[in-house]
Amino acid sequence: MSNVCLRKLSITLGANEIIKELDLSVEEGEFLVLLGPSGCGKSTLLHSVAGLIDVSGGTVEIGGADMTHADPSERGIGMVFQSYALYPTMTVAKNMSFGLRIAGTPKAEIERRLARAAEMLHLEALLDRKPAQLSGGQRQRVAIGRALVRQAGVFLFDEPLSNLDAKLRAELRRELKLLHQTLRSTMIYVTHDQVEAMTLATRIVVMRAGVIQQIGAPSEVYERPANLFVAGFLGSPSMNFIEGELDALGRFTSSSLMLDTGIEAKAGAVVLGIRPEHISVSVAGQFEGSVALVEPMGNHQIVWIAVGERKLSAIVNDTRVFNLGDAVRFGVDTRRVSLFDKASEQRLAGT
Ligand SMILES: Nc1ncnc2c1ncn2[C@@H]1O[C@H](COP(=O)(O)OP(=O)(O)OP(=O)(O)O)[C@@H](O)[C@H]1O
Ligand SMILES: [Mg+2]
């Protein structure tokens, strides 16, 4: 197990500065998830830890040692890519042990590690097959196994589940979580899937255009997003945003909604953020609107309520029937709302 520490890391690819003076400290045994939209620099950052690209400034420390310019093989890392990158002509066993054989690991040791990884990943029955004879999920298991046998101090995952269908993805996600609980290794995991981020991470790092927006436990990032970008990126459906004015007593006013937030923050132009699960559709609700759209989700439904010119999404956890155009009343859990400064898009201090 090792910790990973990036200090003032800058990475330039071609003419573009992709990462600029980024600081990030990953603790030993942590499952850190890098989350962000396509092109924000997640893979680039991961590759710099792996030693697959050169950095233009700053340092990469792994296990307390400066690895900024070390060869990938010296870094004590195991990496799993989005494309499985298996050798098509080798069996599963050969694929998994390839790196160890190259490194001259004794045969008995290879056998021992292979058996353990195969057991953990339920690959025992497949060891003699070739990749073409495996399903997508099984191939990705082999790719994970190949990283596991190296017994690395740090595992790097670059969207390892994104090529799999939804059911398999959920299954493998749970297996990865169990694997981490067993191995207790440091893991850095890149994804743009917020469900993976929420369910796997001990801490989530939300990135945008090469810049870290927020670092925190999943619940913290979800419940207290640091800015509008993070608030809008996490959650499905997205947080409802309403622009309006906040007065010194914490009263929020907009064309569609007036609400006493009870929050003593700086008065001015703000954006109010309400998660769909904090809007409750009920006859006792303080506000009124009409049903604009209903999305049945099986175990719950998403009801879109037209209020003035706005549409707010609300999660309803029962099977009540809503018809388009129905007048509905709803309440807002004011203790759970977020407030952002409209100009800076940052969460208001004191909230
Ligand atoms: N070799 C390169 N030369 C110049 N720019 C590059 C190069 N490789 C990547 N980039 C740019 O760097 C930025 C970050 O790319 P990166 O692959 O790290 O994004 P990402 O967050 O992993 O995205 P995705 O979720 O799509 O995988 C992108 O804007 C990309 O266009
Ligand atoms: Mg990527």
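Everything below is about the structure printed above this text.
Each residue is numbered by its place in its chain's sequence as written, counting from 1. Here chains are named by letter from A upward and ligands by number from 1 upward, in the order in which they appear as written. Local features in this predicted model are restricted to residues of pLDDT 70 or higher, and side-chain atom pairs are both shown and tallied only at a pLDDT of 80 or more, whereas totals for entire chains, interfaces and linings draw on every residue. Excluding hydrogens and water, the side-chain values take into account all heavy atoms of the structure.

**Section: the packing of aromatic side chains**
What counts here: Centres within 6.5 Å make a pair out of two Phe, Tyr or Trp rings, where for Trp the six-membered ring is used; the pair is then stacked when the planes are under 30 degrees apart, edge-to-face when over 60, and tilted otherwise. In this description a helix means any DSSP run of H or I spanning at least four residues, a strand means any run of E spanning at least two, and both kinds are numbered starting from the N terminus. Type-normalised accessible area, obtained with a 1.4 Å probe on protein chains alone, sets the label of each residue: buried when under 20%, exposed when over 50%, and partly exposed for intermediate values.
According to the stated counting rule, one finds six aromatic pairs in the structure shown. Ring geometry for tyrosine 87 versus phenylalanine 98: centroids 4.7 Å apart, planes at 55°, classification tilted. In this pair, tyrosine 87 is assigned in the loop between strand 6 (77–80) and helix 2 (92–102) and phenylalanine 98 in helix 2, connecting sequence segments 11 residues apart. We classify tyrosine 87 as partly exposed; its relative accessible area is 34%. When the centroid spacing of 6.3 Å and the interplanar angle of 85° are considered together, the rings of phenylalanine 241 and phenylalanine 340 count as edge-to-face.

**What about the side chain of serine 254?**
Let me state the cut-off plainly: Note on contacts: a residue pair is in contact if any heavy atoms of the two residues lie within 4.5 Å.
Tracing the chain through its elements places serine 254 in the loop between strand 12 (251–253) and strand 13 (258–260). Contacts of serine 254, omitting those with residues within four sequence positions, involve Ile242, Glu243 and Gly244.

**Some details on the pattern of salt bridges**
Stated precisely, the cut-off is as follows: By convention in these notes, a salt bridge is any Lys or Arg side-chain nitrogen within 4 Å of a carboxyl oxygen on Asp or Glu.
Counted according to the given criterion, the structure contains 13 salt bridges. Here lysine 342 makes a salt bridge to glutamate 243, at a shortest N to O gap of 3.8 Å. Highlighted residues: lysine 342 in the segment after strand 20 (338–341) and glutamate 243 in strand 11 (residues 240–246), separated in sequence by 99 residues. In this structure lysine 342 comes out as partly exposed when scored by relative accessible area, which is 38%.

**A look at helix 1 (residues 42–50)**
Most of helix 1 is tucked away, with seven of its nine residues classed as buried. Among all positions of helix 1, only Lys42, Thr44, Leu45, Leu46, Ser48, Val49 and Ala50 are buried. Among the residues trailing helix 1, glycine 51 stands out with phi positive, at a value near 85°.

**Describing the layout of surface pockets**
Under the convention used in this document: Cavity: a set of points on a 1 Å grid over the protein atoms alone where a 1.4 Å probe fits but cannot get out. Pocket: an open set with protein on both sides within 12 Å along at least five of seven lines, its lining residues, like those of a cavity, having an atom within 4 Å of a point. Grid points are joined across faces, edges and corners, and a volume is the space filled by probe spheres set on the points. Each residue receives one of three labels: charged for Asp, Glu, Lys and Arg, nonpolar for Ala, Val, Leu, Ile, Met, Phe, Trp, Tyr, Cys and Pro, and polar for the others, Gly being one of them.
If you add up the space inside the largest pocket, you get close to 520 Å³. If you go around the largest pocket, you meet 22 residues; those closest to its centre are Ile77, Gly78, Met79, Gly99 and Arg150. Listed by contribution, the elements that provide at least two residues to the lining of the largest pocket are strand 6, helix 2 and helix 4 (136–148). Of the residues assigned to the lining of the largest pocket, the class counts are 15 nonpolar, four polar and three charged.

**Some details on the packing of helix 4 against helix 5 (residues 166–183)**
Stated precisely, the cut-off is as follows: To get an axis, a line is fitted to the C-alpha atoms, and for a helix only the part in contact is used. The angle between two axes follows their N-to-C directions and goes from 0 to 180 degrees. Orientation is classified from the angle alone, with under 35 degrees giving roughly parallel, over 145 giving roughly antiparallel, 65 to 115 giving roughly perpendicular, and any other angle giving oblique. Crossing handedness is read from the near helix: turned anticlockwise from the far helix by less than a right angle, it gives a left-handed crossing, and turned clockwise, a right-handed one.
Across the interface, helix 4 lies against helix 5 with an axial gap of 11 Å and an inter-helix angle of 20°. Between helix 4 and helix 5, the angle is such that the two are roughly parallel. Where helix 4 crosses over helix 5, the two elements pack in a sense that is right-handed. Facing Gly137, Gln140, Arg141, Ile144 and Leu148 of helix 4, the residues of helix 5 in contact are Leu168, Glu171, Leu172, Glu175, Leu176, Leu179 and Leu183. When its residues are assigned to classes, the contact of helix 4 with helix 5 shows seven nonpolar, two polar and three charged.

**Some points on the side chain of serine 256**
Along the chain, the position of serine 256 falls in the loop between strand 12 and strand 13. The class of serine 256 is buried, set by a relative accessible area of 17%. Those residues in contact with serine 256, other than ones at most four positions away along the chain, are Ile242, Val307 and Arg310.

**A few points about the site of ligand 1**
Convention followed: Throughout, the term near means that a residue has one or more heavy atoms lying within 4 Å of the molecule or strand in question. Think of a polar contact as two N or O atoms within 3.5 Å of one another; within protein, one of them needs to be a possible hydrogen donor and the other a possible acceptor, and neighboring residues in sequence only count if both atoms come from side chains. Reported accessibility uses the Shrake-Rupley method at a 1.4 Å probe radius. Residues are deemed covered only where the shown protein chains occlude them.
Ligand 1 sits among 13 residues. The nearest are Ser38, Gly39, Lys42, Ser43 and Thr44. Residue serine 38 places a side-chain N or O atom 2.5 Å away from an oxygen atom belonging to ligand 1. Contact between ligand 1 and glutamate 159: an oxygen atom at 3.3 Å from a side-chain N or O atom of the residue. Burial of ligand 1 by the protein amounts to 58% of the accessible area it has alone, namely 650 Å². Listed by contribution, the elements that provide at least two residues to the shell around ligand 1 are strand 2 (16–26) and helix 1. Top contributing element to the shell around ligand 1 by residue count: helix 1, with three residues. Partitioned by chemical class, the residues of the shell around ligand 1 number four nonpolar, seven polar and two charged.

**Quick look at unusual backbone geometry**
Cis peptide bonds are those with omega within 30 degrees of zero, and the linkage from serine 236 to proline 237 qualifies with -10°. Turning to its location among the elements, proline 237 is positioned in the loop between helix 8 (228–233) and strand 11. Phi angles above zero are rare outside glycine, and lysine 8 is one such case at about 45°. Topologically, lysine 8 is positioned in strand 1 (residues 4–13). Notably, glutamate 159 is not glycine yet its phi reads approximately 45°, a positive angle. In this fold, glutamate 159 is placed in the loop between strand 7 (154–158) and helix 5.

**Regarding the packing of helix 2 against helix 4**
Contact pair helix 2 / helix 4: the axes reach a minimum separation of 7 Å and the direction vectors enclose 30°. Two packed elements cross with a definite hand, and for helix 2 against helix 4 that hand is right-handed. For the pair formed by helix 2 and helix 4, the contact residues are Val92, Asn95 and Met96 on the first element and Val142, Gly145 and Arg146 on the second. Of the residues assigned to the contact of helix 2 with helix 4, the class counts are three nonpolar, two polar and one charged.

**With respect to helix 4**
Stated precisely, the cut-off is as follows: Each helix should span, by expectation, one fewer than its residue count multiplied by 1.5 Å.
Over its 13 residues, helix 4 runs 18 Å from end to end, which matches the ideal 18 Å to within 8%, given 1.5 Å per residue. Among the 13 residues that make up helix 4, 10 are buried, leaving the element largely enclosed by the rest of the structure. Regarding helix 4, the residues found buried are Gly137, Gln140, Arg141, Val142, Ala143, Ile144, Gly145, Arg146, Ala147 and Leu148. Here the buried face of helix 4 lies against strand 6, helix 2, helix 3 (107–120), strand 7 and helix 5.

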